[in-house]
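Understanding the architecture of this molecule
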Amino acid sequence: MFRMNWSWTNAFRAQIKHIARLPRPGTIPAPAATYSSMATGDEGFGGDLTIGEQKLISKLKQEFPNATHLQVSDVSGGCGAMYQISIETPEFIGKRKIQQHQMVNKILAEEIKLMHGLQLNTQEPQSEIK
């Protein structure tokens, strides 16, 4: 008769207990709300922005004062580990997508060092596209 090693048996039991604690499909709670801002013009910041979002928006508005669309969202749930940035500005006219991203990355170089990830969407203003 086959006899299992005691340490292997305990490890197997621990895995089974872990699997039993996983939530059933469809019962996972919705993620916490993410904070975002649609910052165009000089209307200022909304009250629900995180400090990280405010800092990124300030820096981007300073470097791209003619931006027609600027949106910064902390998609990490508020801890500042991952951001989603969408920017539309005339400064991108005639530049390839990689050049647009390089411009933004250069401006946010210090902030990016502290991030886990960045989702970046850049484009020229729609009325300016030929």
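Model, not experiment: these values are computed from the prediction.

**Concerning the environment of Phe64**
Position of Phe64 among the secondary structure elements: in the loop between helix 2 (51–63) and strand 2 (69–74). Phe64 sits in the buried class, given a relative accessible area of 3%. Between the C-alpha atoms of Phe64 and Thr89, which are 25 residues apart in sequence, the distance is 6.9 Å. The contacts of Phe64, once residues within four sequence positions are left out, are Ile87, Thr89, Glu91, Phe92, Met103, Val104 and Ile107.

**Examining the side chain of Glu88**
The topology assignment puts Glu88 in strand 3 (residues 82–88). Here the side chain of Glu88 touches Gln123 through a polar contact of 2.6 Å, side chain to side chain. Not counting the four nearest positions on each side in its chain, Glu88 is found in contact with Ala67, Thr68, His69, Gln123, Glu124, Pro125 and Gln126.

**Digging into helix 2**
Its 13 residues place the ends of helix 2 19 Å apart at the C-alpha level, agreeing with the 18 Å of an ideal helix rising 1.5 Å per residue. Buried within helix 2 are the following residues: Glu53, Leu56, Ile57 and Leu60. Buried residues of helix 2, seen end-on, are gathered within an arc of 100° and therefore sit on one face of the element. Exposed side chains of helix 2 directed beyond 90 degrees from the buried face belong to Ile51, Lys55 and Gln62.

Cut-offs used in this document
Residues numbered from 1 in each chain as written. Predicted model: local features only at pLDDT ≥ 70, side-chain atom pairs only at ≥ 80, totals over all residues. Heavy atoms only, no water. Helix = DSSP H or I, 4+ residues; strand = E, 2+ residues; numbered from the N terminus. Buried < 20%, exposed > 50% of the residue type's maximum accessible area, 1.4 Å probe, protein only. Contact = heavy atoms within 4.5 Å. Polar contact = N/O pair within 3.5 Å; in protein donor to acceptor, adjacent residues only side chain to side chain. Expected span 1.5 Å × (residues − 1). Arc of directions from axis to C-beta.

These figures capture arrangement, not role.
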